[in-house]
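Now for the letters of each chain:
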Amino acid sequence: MMHFLLLFSRQGKLRLQKWFLPLPERERKKIVKDMTTMVLARKPRTCNFLHWKDLKIVYKRYASLYFCCALENQDNELMALETLHRYVELLDKYFGNVCELDIIFNFEKAYFILDELLMGGEIQETSKLSIVKSIEASDMLQETMEEYMSKPAF
Amino acid sequence: MTPSVRLQEMIRVIRSARTQGEERGIIQRECADIRSQFRQGDNGERSHSLAKLLYVHMLGYPAHFGQMECVRLIASPRYSEKRIGYLGAMMLLDEKQDASLLITNSIKNDLSHSSQYVQSLALCTLACMGSAEMCRDLAPEIERLLRASHSYIKKKATLCAVHIIRKVPELAELFTPSARTLLSEKNHGVLHGAVVLITELCERNPDTLVQFRKAVPELVQIMKGLVTSSYSPEHNVAGISDPFLQVRILRLLRILGHNNDTASDAMNDLLAQVATNTDSSKTAGSAVLYETVLTIMDINSESGLRVLAVNILGRFLLNNDRNIRYISMTSLQKIVQTDHNAVQRHRGTIVDCLKDQDTSVKRRALELSLALVSAVNIRSMMKELLIFLSVCPPELRSQTASGIFNAAERYSPSKRWHIDTILHVLTTAGGDVRDETVPNLIQLITTASELHCYTVHKLYRALIKDIAQQSLVQVACWCIGEYGDLLLKGECEEIEPVQVTEDDILDALETVLQSHMSSPATRGFALTATMKLSTRITDNVDRIRSIVSIYGSCIDLELQQRAVEYNALFKKYDHMRAAVLERMPVMDKNSPGHTNGDTSGEIKEPDTSKPKPVEAGLLSEPASQVCDLLDLLGGTDTPLQPSPAPTSTPTTTSSADLLDLLGGLEIKPVPTVSVYEKNGLSLKIQCDKQTETEVTVTLIASNSTQNDITNFTLQAAVPKSVQLQMKAPSGNVIPAHGLGQVTQTVLLNNPNKVSLKMRIRVAYSNQGAMHQDTVQIDSFPSAACQPSFSPL
């Protein structure tokens, strides 16, 4: 199972954090700091896997964002890379040519999309189409609840 | 009331802050706004404020005052508010907070909501942060949802069940029946969730595992369907149909087939099919192949399949993609013990990976290379490893060094090669080796007696080149001190001759002594080595005397003590100097004092397995008594043998046991012979012959006076060729009236089978008065147990 998933920029600013294990706030901050230091220190053409404590860290850089997740020993690292890629594809489909600013200004949507892909540290849906449909439907539900005016969601 | 700033507006404002201080100010203002919003009670605005708070939280600022808001919003009937409330719950609440329990009821209600999207929110939140109590409360609901709903909810309920089982393992039985039926679902999402659930159940409970073995054919069927299916756009990734599901099924098959022949047989064909048909040009295919290989290696697969798996890993090793090389090395590491020969075939590629740029790959290659070292390839592997050591990144150095030492110890083809290798490591990475390396190397050198000349020459040359590597310098100093005479001889078969003068050697040692790079321990080595040379060289003894006396006022306490004692050795005990500084015998690797322990200078019998503090310890206060004892033995001219005394139980003063040496008796009942009886103190002896040359003798002392005898000690001297090893006495107080005894054991080794003699001195206090006495045992008849002795 995945222990956590982090998105951070080249300067180390956190853009998204999803924790699948209960950890105290201080512990989380420390982990974020460790991850950003470790991953940002990696040279460009090195492999995407790291070892940290007893976890396997898989990271991938997409444009200016680093996607970083932590796996247990029996998990398949290559599959984790595919999972990260799947998430990026979903974001791309939703925002249309996604960039970091989209994720900054619409972070809550990024979370909603992630919650359709992963749950409890595991993949919940393997069909991209299905996820996209569910997100659209939930957004519709939200829209109709709003007074269909130009009032934005938040 | 000021209208609230929209979320995106706030984010923009925060981002425009130019300094940390400015940002903090903005955030403080916003938080104040948010707090007043929360107090006001308008739900519409509330959700906006919570969203803002979540952003602020992600920046790292405290947001605990939003926790109750999450609870309130979750209970709201509006979907947008519920959505943000649940998101807030997942971000701000965890099972440690009390507020988390308050949402249990809302979750319960939402689990039965008419809209599946509301249900999904509840399920997601429960799976993310549900505590054990919440899980226990809501488990029946989840189980219901597992069985009777739409696939969208079913897949989420399945993963929620996985979370519940992880939190509360006892609830596993609740989900086991439904898990089985879920395997017949068509929807991939549900199927995937089902496989995860079954995996979790099987990992936790071996009985459930046995139960689910019956599902192996079904799983094989599903897998076959995926592998051979035609192109399905919905699930296709780079030509592989639903690799996520394939990988999970393979993993479950691995667990089910482990240690079970029937299950393993059932999957053999499938695994072969997957292994051969999967296209591994993209990551997805490689991921599936990787999982297949892991499964093949972990179940009872037939040998052909195992060979296929190792070959796949070998192919991965040559892949351009670094990730895949890394993965293959990780897998090879797992199987190197069991399928050693198969992995050996790829040794060349693995060793090449040592030269990769990537540190992670280098690390894996190093571990694998060390595992692949064997007696056959030791020379070539060591060459590669030594090259690697000189260029490897610093974080891998100590691992490499210890790996090299282990390999050298196990497979070295010759002693000289072994010593060369260790010297090479010390020169390149001396700072990163473990502490035991120095004594280990010294012990190794002493055992290779034919190489002493060669070793000392090599070490001398390394020393004059560079004195920065402490471990190397320490070993070099020790060897020069020990074998300095060989160094001076100049001639040595394996090294081109170089004339080394006594001054050269002393110069080198003095450099070490004076250099600021030398650690205190190193300087101790150098000083002792200088001292030892005083018996090995002829011309420059005065120079040594002056060096030693200078250090008599050194600030470092250890050096000062040594210098003072060596000085004393020059002045008062010059006649003993040769004996004290004699060449050491071969050290036994497992002798008890092998680690550098603390001697506190009181042990008189020098411990040969501890090279450094031994000679210093020799010259502590009871030295005078030892000398006298030797004088007593006079004619036999027996120098005090350096016999190993175990330092783990240090004797308070040097005590020797006077024990009968029996030439060669088998003693069945061990009689006790009295050898001394005077002033109420009586000594008895028990002898026990171990081998032709070894005898164990036990001395028993008892006291028949009215008062306790205190400070009881024994000293002994034996002829030159006999080796004496004294164990610690049981105590040094003998209770009065014969109420107790002091026993001491001595081991004697008489390899030359000379006629045994022994002199014993007894020293004790009784009623405040010091007493001393001596007993000499002149001859030990070989036939009888009774020694003949003459008390003096």
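Note that the coordinates shown come from a computational prediction; the quantities given were computed from them, not determined experimentally. (Residues numbered from 1 in each chain as written. Chains lettered and ligands numbered in written order. Predicted model: local features only at pLDDT ≥ 70, side-chain atom pairs only at ≥ 80, totals over all residues. Heavy atoms only, no water.)

Looking at the overall build of chain B
Step number 1: Secondary structure summary: chain B contains 35 helices and 11 strands in total.
Step number 2: Per-residue burial for chain B yields a buried fraction of 58% across its 792 residues.
Step number 3: Nonlocal contacts in chain B, meaning residues at least 24 apart in sequence, comprise 67% of its contacts between residues at least 6 apart.
Step number 4: In the structure as shown, chain B presents an accessible area of about 32,900 Å², 50% of it carried by carbon and sulfur atoms. (Helix = DSSP H or I, 4+ residues; strand = E, 2+ residues; numbered from the N terminus. Buried < 20%, exposed > 50% of the residue type's maximum accessible area, 1.4 Å probe, protein only. Contact = heavy atoms within 4.5 Å. Areas by Shrake-Rupley, 256 points an atom, 1.4 Å probe, with all protein chains shown as cover.)

What to know about the confidence of the model for chain B
Close reading of the predicted structure is inappropriate where its pLDDT is low.
Residue and element names in this part refer to chain B.
Step number 1: On average, residues of chain B carry a pLDDT of 81, and 86% of them reach 70 or more.
Step number 2: In this model, residues 592-668 is a region of pLDDT below 50 whose contacts with residues beyond four sequence positions or in other chains number 191 contacts.
Step number 3: Note that pLDDT drops below 50 for residues 781-787; the model gives that stretch 21 contacts with residues more than four away or on any other chain.
Step number 4: The ipTM for the predicted assembly is 0.93, set against a pTM of 0.70. (pLDDT = per-residue confidence, 0-100.)

Focus: the environment of B:E302
All names here are of chain B.
Step number 1: Summarising the element assignment, E302 is placed in the loop between α17 (283-298) and α18 (303-317).
Step number 2: Here E302 falls in the partly exposed class, since its relative accessible area comes to 49%.
Step number 3: The sequence separation of E302 and T535 amounts to 233 residues, and the corresponding C-alpha distance is 69 Å.

Here's the deal with the packing of aromatic side chains
Step number 1: By the definition in use, this model includes 11 aromatic pairs over all chains.
Step number 2: Measuring from ring centre to ring centre gives 5.0 Å for A:Y94 and A:F95, while their planes differ by 90 degrees; the resulting arrangement is edge-to-face.
Step number 3: For A:Y94, a relative accessible area of 29% translates into the label partly exposed.
Step number 4: Classification of A:F95 by relative accessible area gives buried; the value is 18%.
Step number 5: An aromatic cluster is built from A:Y62, A:F67 and A:Y87, whose rings are joined through pairwise contacts.
Step number 6: In this structure, A:K60 is placed above the aromatic ring of A:Y62, and the distance from its NZ or CZ to the ring centre is 5.7 Å.
Step number 7: A cation over an aromatic ring shows up here: B:R83 above the ring of A:F112, its NZ or CZ 3.9 Å from the ring centre. (Phe/Tyr/Trp six-rings, centres within 6.5 Å; stacked < 30°, edge-to-face > 60°. Lys NZ or Arg CZ within 6 Å of the ring centre and 35° of its normal.)

Remarks on the interface of chain B and chain A
Interface size is commonly expressed as the accessible surface area that is lost when the partners come together.
Step number 1: At the interface, 70 residues of chain B touch 65 residues of chain A.
Step number 2: Summed over both sides, the interface between chain B and chain A buries roughly 6,200 Å², with carbon and sulfur atoms accounting for 58% of that surface.
Step number 3: Three residues stand out in chain B for area buried against chain A, namely B:M58, B:R83 and B:F244, and they jointly supply 12% of the buried area on that side.
Step number 4: With a shortest N-O distance of 3.0 Å, B:R83 and A:D139 are connected by a salt bridge.
Step number 5: Residues of the side of chain B that touches chain A, tallied by class, amount to 30 nonpolar, 17 polar and 23 charged. (Buried area = accessible area lost by both parts, 1.4 Å probe. Salt bridge = Lys/Arg side-chain N within 4 Å of Asp/Glu carboxyl O. Nonpolar A, V, L, I, M, F, W, Y, C, P; charged D, E, K, R; others polar.)

Focus on the nonpolar core
Step number 1: By size, the foremost hydrophobic cluster in this structure holds 279 residues, and its most contacted members are A:Y87 and B:I142.
Step number 2: The element that contributes the greatest number of residues to this core is helix α28 (residues 470-489) of chain B, accounting for 12 residues.
Step number 3: If you look at the next biggest cluster of nonpolar residues, it comprises 29 residues, including B:L683, B:L699, B:M758 and B:Y764. (Core = buried A, V, L, I, M, F, W, Y, C linked by side-chain atoms within 4.5 Å.)

Thoughts on the environment of B:A526
Residues and elements named next belong to chain B.
Step number 1: Along the polypeptide, A526 turns up in helix α30 (residues 520-536).
Step number 2: Between the C-alpha atom of A526 and that of Y676, which follows or precedes it by 150 residues, the distance is 46 Å.
Step number 3: With near-sequence residues (within four places) excluded, A526 lies in contact with C477, L509, V512 and L513.

A closer look at the side chain of A:S138
Step number 1: Within the secondary structure, A:S138 is located in helix α5 (residues 128-145).
Step number 2: Look at A:S138 and you get buried, because its relative accessible area is 2%.
Step number 3: Here A:S138 is in contact with B:Y79, B:R83 and B:Y117, once residues within four sequence places are set aside.

Thoughts on the UniProt feature "domain: AP complex mu/sigma subunit" (unreviewed entry) in chain A
Step number 1: Following the UniProt record, the feature "domain: AP complex mu/sigma subunit" (unreviewed entry) maps to residues 1-140 of chain A here.
Step number 2: Each end of residues 1-140 of chain A is marked by a C-alpha atom, and these two atoms are 31 Å apart; helix forms 46% of the span and strand 26%. (UniProt positions renumbered as here; feature names shortened; annotations may be inferred.)

What to know about the packing of helix α27 (residues 452-465) of chain B against helix α29 (residues 502-514) of chain B
All names here are of chain B.
Step number 1: At a minimum axis separation of 10 Å, α27 and α29 run at an interaxial angle of 50 degrees. Comparing the axis directions of α27 and α29 gives the class oblique. Regarding α27 and α29, the two cross each other, and that crossing is left-handed. Contacts from Y460, L463 and I464 in α27 reach D504, I505, A508 and V512 in α29.
Step number 2: Looking at side-chain class alone, the contact of α27 with α29 contains six nonpolar, no polar and one charged residues. (Axes fitted to C-alpha atoms, helices over the stretch in contact; angles between N-to-C directions. Parallel < 35°, antiparallel > 145°, perpendicular 65-115°, else oblique. Left-handed = near helix turned anticlockwise from the far one by under 90°.)

What about the sheet that holds strand β8 (residues 741-749) of chain B?
Residues and elements named next belong to chain B.
Step number 1: Taking strand neighbours across the sheet as the criterion, the five strands line up as β3-β4-β5-β8-β7 in an open arrangement whose pairing is antiparallel. Of all the strands in the sheet, just β3 (673-678) and β7 (723-726) have a single pairing partner and so form its edges. Pairwise comparison of adjacent strand axes, ignoring direction, gives a mean angle of 20 degrees for this sheet.
Step number 2: Across five bridges, the pairing between β3 and strand β4 (residues 681-689) is antiparallel. Paired with Y676 across the strands is L683, a residue of β4. (Pairing = 2+ DSSP bridges.)

Some points on the sheet that holds strand β4 (residues 55-62) of chain A
Strand pairing in a sheet is mediated by backbone hydrogen bonds. Such pairs are either parallel or antiparallel.
Residues and elements named next belong to chain A.
Step number 1: With respect to topology, five strands assemble into an open sheet ordered β2-β1-β5-β4-β3, the strand pairing being antiparallel. Whereas interior strands pair on both sides, the edge strands pair on one side only; in this sheet they are β2 (14-19) and β3 (49-52). On average, each strand axis in the sheet is tilted by 20 degrees relative to the strand beside it, whichever way the strands run.
Step number 2: When β4 meets strand β5 (residues 65-71), the two strands line up antiparallel, connected through seven bridges. By the bridge assignment, I57 is partnered in β5 with A70.

A word on helix α16 (residues 261-277) of chain B
Residue and element names in this part refer to chain B.
Step number 1: When the terminal C-alpha atoms of α16 are compared, their 24 Å separation across 17 residues agrees well with the 24 Å that a helix rising 1.5 Å per residue should span.
Step number 2: For α16, the principal kink sits at N268 and spans about 40 degrees.
Step number 3: For α16, the full list of buried residues reads A263, S264, M267, N268, L270, L271, V274 and A275.
Step number 4: Where the residues of α16 are buried, they touch α14 (216-228), α15 (243-257), α17 and α18. (Expected span 1.5 Å × (residues − 1). Bend = angle between axes of the 7 residues up to and from the residue.)

Things to note about the pattern of salt bridges
Step number 1: Enumeration over the complete set of coordinates arrives at 45 salt bridges over all chains.
Step number 2: The salt bridge partner of A:E89 is A:R86, with a shortest N-O separation of 3.8 Å. Here the residue A:E89 and the residue A:R86 both occupy positions in helix α2 (residues 77-95), the gap between them amounting to three residues, near one helical turn.
Step number 3: On the accessibility criterion, A:R86 (5% relative accessible area) is buried.
Step number 4: One salt bridge connects B:R562 with B:E558, and the closest N-O pair in it is separated by 2.8 Å. Of the two residues, B:R562 and B:E558 are both situated in helix α32 (residues 557-571); the distance of four residues between them amounts to about one turn of the helix.

Observations regarding the environment of A:F105
Step number 1: Relative to the elements of secondary structure, A:F105 occurs in helix α3 (residues 100-105).
Step number 2: On the basis of relative accessible area, A:F105 is assigned to the buried category, the value being 13%.
Step number 3: Beyond its immediate sequence surroundings of up to four residues, A:F105 is in contact with B:Q8, B:I11, B:R12 and B:R15.

A look at the packing of helix α8 (residues 116-129) of chain B against helix α10 (residues 151-167) of chain B
For any two helices packed against each other, the geometry comes down to the angle between their axes and how far apart the axes lie.
Residues and elements named next belong to chain B.
Step number 1: Contact geometry of α8 with α10 gives a least axis separation of 9 Å together with a crossing angle of 15 degrees. Taken together, the axes of α8 and α10 are roughly parallel relative to one another. Here α8 and α10 pass one another in a crossing that is left-handed. Where α8 abuts α10, its residues Q116, Y117, Q119, S120, L123, L126, A127 and C128 lie against Y152, I153, K156, A157, C160 and H163.
Step number 2: When its residues are assigned to classes, the contact of α8 with α10 shows nine nonpolar, four polar and one charged.

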